[in-house]
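So you can see what is in the structure, the chains are spelled out below.
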Amino acid sequence: MPNLLDGNLLAGDIHVAIVVSRFNDLVTDRLLAGAIDTFRRHGVADNRITVVRVPGAFEIPLPAKRLAESGKFNAVVCLGAVIQGETSHHEYINHPMASAIMQASLSSGVPVTFGVLTCSSMEQALDRAGGKAGNKGIEASLAAIESINLLTQMTSHGI
Ligand code: INI
């Protein structure tokens, strides 16, 4: 049998931060509710969850990086909803935002997960915020818990 490093979904004594954008709050409020509910159901107490609100998805990376580098959180979850309009505005938001979120994780060594929807319509976004295609906020919280546990396991293996 090979050595298997595989993060479990047990949580409790972790501290997490959630950065959520206000733009399209019909959608992002649902992502936030899914993310908080998931942490609670995995045993994370409310006083270990910090929520930071930002205006739009473009503003997510900076506070996410600062939270990740603060040493106060085991993971940061990013939530937002970019919905394509009549112009190419969304393209100028999506790519830099996603790569800055990834960069915040890599430079801090703290998991920063990506629960930002990038959709062509409000309907598509609502489907992914608790509708028929699940809830990206739940996924991003689960990914945070799993990543925290994986990194802890790696540390205990001296990696
Ligand atoms: N911000 C979003 O989070 N979602 C969008 O769909 C969106 N669109 O389409 O414009 C959006 N724009 C605002 C942007 O994120 C910044 O807040 C703004 O440009 C100020 O920096």
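In case you missed it, the structure is sitting above this.
What comes next is a walk through the structure.

Calculation criteria
- Residues numbered from 1 in each chain as written.
- Predicted model: local features only at pLDDT ≥ 70, side-chain atom pairs only at ≥ 80, totals over all residues.
- Heavy atoms only, no water.
- Helix = DSSP H or I, 4+ residues; strand = E, 2+ residues; numbered from the N terminus.
- Rg over C-alpha atoms; globule rule 2.2 N^0.38 Å.
- Buried < 20%, exposed > 50% of the residue type's maximum accessible area, 1.4 Å probe, protein only.
- Areas by Shrake-Rupley, 256 points an atom, 1.4 Å probe, with all protein chains shown as cover.
- Lys, Arg positive; Asp, Glu negative; His and termini not counted.
- Charge placed at Lys NZ, Arg CZ, Asp CG, Glu CD.
- Arc of directions from axis to C-beta.
- Contact = heavy atoms within 4.5 Å.
- Pairing = 2+ DSSP bridges.

### Thoughts on the overall build of the protein chain
Argument step 1. Within the protein chain, the regular secondary structure consists of five helices and six strands.
Argument step 2. For 159 residues, the compact-globule estimate of 2.2 N^0.38 gives 15 Å, and the protein chain sits close to it at 16 Å.
Argument step 3. Referenced to the eigenvectors of the C-alpha coordinate spread, the extents of the protein chain come out at roughly 50 × 35 × 30 Å.
Argument step 4. Here the protein chain, with 159 residues, has 40% of them falling under the buried criterion.
Argument step 5. For the protein chain, the exposed surface amounts to about 8,700 Å²; the carbon and sulfur share of it is 54%.
Argument step 6. Of the side chains in the protein chain, 12 bear a positive and 14 a negative charge, and the two mean positions are spaced by 5 Å.

### Let's talk about helix 2 (residues 61–69)
Argument step 1. Listing the buried residues of helix 2 in full gives Pro-61, Ala-64, Leu-67 and Ala-68. Buried residues in helix 2, looked at end-on, bunch into an arc of 130°, giving them a common side. Away from the buried face of helix 2 by more than 90 degrees, exposed residues Leu-62 and Arg-66 are located.
Argument step 2. Residues of helix 2 that are buried make contact with strand 1 (16–21), strand 2 (49–54), strand 3 (75–83), helix 3 (89–108) and strand 4 (112–119).
Argument step 3. Positive phi appears at Gly-71, one or two residues downstream of helix 2, with a value of about 80°.

### Structural notes on the pairing of strand 2
Argument step 1. The sheet contact formed by strand 1 and strand 2 spans six bridges and is parallel. Within strand 2, the position partnered with Val-16 by the bridge is Ile-49.

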